[in-house]
Structure formats: C-alpha cells, structure tokens
Amino acid sequence: MSRTRVHSFAVSLDGFGSGEPQSLEAPFGHAGQRLHTWMFATRFWGPDGSSGVDDALAQQHSVGIGAEIMGSHKFGPPGWQDDPDWRGWWGEDPPFHTPTFVLTHRPRPPLEMAGGTTFHFLDAPVAEALEVAREAAGGLDVRVGGGATVVRDFLAAGLVDHAHVVQVPILLGRGVRLWDGLESLEDTYAIEVVASPSGVVHLLLDRRD
C-alpha cells in the first residue's frame, strides 16, 4: 500500500523549518542554507561527499517515491502567483521527476517540465490532495516535501506514515515552526533518535498502528 513520507526535513534547535522573510534572493529567509549544510556534505549530494549516517538517511529521499506534495512557498517566493512565467526555483529540470502537487489558493494549469516532473496546482485540503497524489503515484509512495506548514498540517491530520526530521544545531529565533500545535505527537508516532558526528540529530517518526 502507498505510504506517505517526509524525508530530510531540517529544523533548527528552536524548531524553525525556514527563516524570514522569504524572497527571490533568500528562499529560506535569514536561515540561508544553514539548515542544509549537513546534506551538502554527503555523498547523496555529490560524489566527493562523505558516507555515514547522514548520507545513509539522505539516500532514502527518493527511494520508492511516485509523487510529491508541496506548499506554495516551496514552489516560489511571495507573489509568484502573480507571475505567469514563474516555473519554480529549480530550472527546467526540477529534481522531483514525478507528478508534483503544489497546494495554492490560486491554481493554474499544469506545468510540464523536463525530466518527468509535472507541477499540478491544487486548492484542496490536505486529505484530498493526498488522495489525488496517491492516484498519480501509481502504487508508489507520496513524499510531503514541505515547507514547515504543510508538513505540520499532514502530521496533525495523522496522514504521515514515516517522517525523517533533521535537527540542526543552530538557533533561528524566528521563521516558520514545524512543531507548533503538535502536542503529544509521541502518542501517535514512535520516535527514534539517531545522533550524527556532524552535529545534527535525526528524528525518525513512524506512525503507530
């Protein structure tokens, strides 16, 4: 059965999944790329990277994924809906290579890109969006890619089967927090903690039966 997964979603020690303000020049606001330097150092990111626990977990990012769901702020900076020529952050060959569903209150026609990625724009609650993505995934798993608000909404609804969250040892102080409103999440999810020599801590959440 198709599962719903979150992979390599990084948060600061104070729980922020991005900084602020987001802009075309600063997709993660004042956080810059500090939430992701652990991944850039792995073999998953490049052939000169390291192996080890960070790499092993990062390598699971795309295994068995048939569709992606993301929020509107992951697709573009504030105001992208007013730009009919905006095609996402990633150039003409985005890294998803699957049907990718963007949650937005202002849908537009599908956008077919190189490499097998087609962006579909949905104005739908998370449960409905997941059903659409599952159908498109053809029996493979659906990845919820972010940002923090979308991951939080899926966790709050109990729709995530497995989540890999990476706690990075920085303090951001402001931005968009992942954990707000998710009190007692440990009652719904078994949580395994894996520390890495790089300084990050991997949190592996699996929904209890």
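Residues numbered from 1 in each chain as written. Predicted model: local features only at pLDDT ≥ 70, side-chain atom pairs only at ≥ 80, totals over all residues. Heavy atoms only, no water.

This brings us to the pattern of salt bridges. Under the counting rule described, the total for this entry stands at 9 salt bridges. In this structure, Lys 74 and Glu 68 form a salt bridge, with 3.2 Å as the shortest nitrogen-oxygen distance. We classify Lys 74 as partly exposed; its relative accessible area is 24%. Here the residues in one salt-bridge network are Glu 68, Lys 74 and Arg 143, joined through shared partners. (Salt bridge = Lys/Arg side-chain N within 4 Å of Asp/Glu carboxyl O. Buried < 20%, exposed > 50% of the residue type's maximum accessible area, 1.4 Å probe, protein only.)

Another point: unusual backbone geometry. Excluding glycine, a negative phi dihedral is what most residues carry, and trans is how most peptide bonds are arranged. The omega torsion across Glu 20 and Pro 21 is -5°, close enough to zero to call that bond cis. Relative to the helices and strands, Pro 21 is located in the loop between strand 2 (16-18) and helix 1 (37-40). With an omega of 0°, the peptide bond running from Gly 146 to Gly 147 counts as cis. Tracing the chain through its elements places Gly 147 in the loop between strand 7 (141-146) and helix 5 (148-156). Its identity as a non-glycine residue notwithstanding, His 97 has a phi of 60°, on the positive side. By the element assignment, His 97 lies in the loop between helix 3 (72-75) and strand 4 (99-103). The exposure class assigned to His 97 is partly exposed, which follows from its relative accessible area of 44%. (Helix = DSSP H or I, 4+ residues; strand = E, 2+ residues; numbered from the N terminus.)

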